[in-house]
Amino acid sequence: MLTSRTRSARLPLLLLALSCLALPLQTAQVRAQAAAQQTPASASFPKISLTAGRSTVVETQFDITRAAVTNDAIADVLVPSRREIVINGKTPGTISLIVWGTDTRVQYDVIIEQPITPLEQQMHQLFPGENIQIQVNTDAIVLTGQVSSTEIMLRAAEVARAAGSKQNVVNMLQVPGAAESQQVMLQVRFAEVNRRALQDAGVSLFTGPAGYKNWTSRVTTQQYPAPTFDGQFGPDGELVFSDFLNLFLFNNKYNVGAVIKALKQTGYFQSLAEPNLIAYNNQEASFLAGGEFPIPIVSGATGNVSVTFKEFGVRLNFKPTIAGDLIRLHVKPEVSSLDFNNGVLLQGFRIPALTTRRAETEVELRDGQSFAIAGLINNDSQTDVAAVPILSQLPIVGNLFRTKADRKERTELLVIVTPRLVRPLNPDEVPPLPTLPGRFLPSGDDIGEQLQGGGGTIDAPPVEHRASNGTSAGR
């Protein structure tokens, strides 16, 4: 049984034990406050920058006990000594590095940058002093910065295109005096002239049924149609003329005649097309003025016939590249027409051939300048001669037993191309569409005229309003 004296003696001992337990807790709180003062709550940590594939050494003022990074795929760390850390950059990115000491903790932001590619080194060697930055990814090569001339801008894009054959090149280099417009309107004029000449000469001699002393005869080279005999030879026979040609002579007394082919033809054909196209920078545009003709195709052993269509006419493909104050054009004009003379006959279908004249070139010029593609000349000359052996070799008389046909054709194509930099029109710049009021219709009944703002000119303000604003209608 405890007495009151014993209780009073144990009370100081209990208080002493509680004070001993509270001392470590206070020490831990002090250390936590000191660590909080060394590691600020903000995210502004010292930065360490290095290039992927390289290493750097970081020295500390305390002994290192442990170090860690957030992503060892971007960079890893080594601790070769008590106060040195080696950081090895692997791939571009940003990670955190935390270093612990005995009673200290420090954090860094490690930035791994993209290494200088061989393409960028080549650019700096070829174009010293030019501000050219290169960003390379799996799909494209992007060129940014400023260069001193258009020639360097185009050459840099060609070097990048040759270095990455499977990657798209996005040329965003800027040059002094570059145009704001990124759209090109191409005015193209096609002029085709076709001249043809034809000359035929020939004679066919004949005697009708019951002719001279009951003789029936005919002399022809079969190059031109000649009379034929219908029925039996004799008094009841008849002459059938499929073509009298140009000159026809016949003697009723002696029943002798001649059919003469003497013809000269000349032809002239001219075709003109003026298409206008608008394309964005580095985007291809095409134009076709013509049509399509069907082509039957027999498939496999089943013999099924399907029909596909082939285009013909005036075609233009072009791709503009705006390089500062210059426009580089890749132009491919083509003119084709149907040629039934050289076509083929397939299962009762007449499939025509195509006569095509095509040119493909790349030029550079300024806004409003023109270039011409000429010399697309096609000359065709054909001579057909038919003669009766031996008789055609006789002097003077031999011409009666000989026929001749001369055909000549000359086609010339001229293409004139004019590029222009264009921009969209503002609402007050749109010209009014031409309208012709009806002669017998009263004015004022149209719904468009009753609309607020006027409907006589579509998508354009009235002419009076435009004149008051001082804006020309043809602007």
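Going by the structure above, here's the rest.
Caption draft 1: Representation of helix 3 (residues 150–163). Here helix 3 spans 20 Å end to end across 14 residues, near enough to the 20 Å set by a 1.5 Å rise per residue. Along helix 3, the residues classified as buried are Thr150, Ile152, Met153, Leu154, Ala156, Ala157, Val159 and Ala160.

Caption draft 2: Local environment of unusual backbone geometry. Despite not being glycine, Asn282 has its phi angle at roughly 65°, a positive value. Structurally, the position occupied by Asn282 is in the loop between strand 17 (276–280) and strand 18 (285–299). With a phi close to 65°, Ile390 is a non-glycine residue in the positive phi region. The topology assignment puts Ile390 in the loop between strand 23 (371–387) and strand 24 (402–422).

Caption draft 3: Structural detail: the sheet that holds strand 10 (residues 168–171). The strand order across the open sheet formed by three strands is 8-9-10, and the pairing between neighbours is mixed. The open sheet has two edge strands, strand 8 (131–136) and strand 10, and neither has a second partner. On average, each strand axis in the sheet is inclined to that of its neighbour by 20°, with strand direction left out of account. Docked against the sheet, helix 3 engages strand 8, strand 9 (140–146) and strand 10, running at close to 160° with respect to strand 10.

Caption draft 4: Highlighting helix 2 (residues 118–126). Considered for burial, the residues of helix 2 that qualify are Leu119, Glu120 and Met123. Buried residues of helix 2 fall within an arc of 100° about the axis and therefore sit on the same side. Across helix 2 from its buried face, at more than 90 degrees, point the exposed residues Pro118 and Gln125.

Caption draft 5: Examining the sheet that holds strand 2 (residues 55–59) more closely. Spatially, 2-5-4 is the arrangement adopted by the three strands of the open sheet, whose pairing is antiparallel. A strand with exactly one partner marks an edge of an open sheet, and here the two such strands are strand 2 and strand 4 (75–81). Direction aside, neighbouring strands of the sheet carry axes that sit 25° apart on average. Relative to strand 5 (residues 84–89), strand 4 is paired through five bridges, and the arrangement is antiparallel. Bridge pairing in strand 5 places Ala75 opposite Gly89.

Caption draft 6: Structural context of the pairing of strand 1 (residues 47–51). Residues Ile48 and Leu50 of strand 1 are buried on one face, while the alternating residues Lys47, Ser49 and Thr51, pointing to the opposite face, are not. Here strand 1 runs beside strand 7 (residues 105–113); their pairing, made up of five bridges, is parallel. The residue bridging Ser49 from the neighbouring strand is Ile111, located in strand 7.

Caption draft 7: Looking closely at a nonpolar patch on the surface. A cluster of nonpolar side chains, namely Leu391, Leu394, Ile396, Val397 and Leu400, defines an oily patch on the protein surface of about 450 Å² accessible area. Looking at where Val397 falls in the secondary structure, it is placed in the loop between strand 23 and strand 24. Val397 gets classed as partly exposed once you look at its relative accessible area, which sits at 40%.

Caption draft 8: Just the side chain of Asp200, in detail. One can find Asp200 in strand 11 (residues 183–207). Although Asp200 lies buried, it forms no salt bridge, and the closest oppositely charged side chain, Lys261, sits 4.2 Å away as judged by the N-O distance. Setting aside residues no more than four positions away along its own chain, Asp200 makes contact with Tyr224, Lys261, Ala262, Leu263, Lys404, Ala405 and Asp406.

Rules used throughout
Residues numbered from 1 in each chain as written. Predicted model: local features only at pLDDT ≥ 70, side-chain atom pairs only at ≥ 80, totals over all residues. Heavy atoms only, no water. Helix = DSSP H or I, 4+ residues; strand = E, 2+ residues; numbered from the N terminus. Expected span 1.5 Å × (residues − 1). Buried < 20%, exposed > 50% of the residue type's maximum accessible area, 1.4 Å probe, protein only. Pairing = 2+ DSSP bridges. Axes fitted to C-alpha atoms, helices over the stretch in contact; angles between N-to-C directions. Contact = heavy atoms within 4.5 Å. Arc of directions from axis to C-beta. Patch = residues over 30% accessible without salt bridge, like charges linked within 9 Å, V, L, I, M, F, W, Y side chains within 5 Å. Areas by Shrake-Rupley, 256 points an atom, 1.4 Å probe, with all protein chains shown as cover. Salt bridge = Lys/Arg side-chain N within 4 Å of Asp/Glu carboxyl O. Lys, Arg positive; Asp, Glu negative; His and termini not counted.

Shape descriptors only; they carry no functional weight alone.
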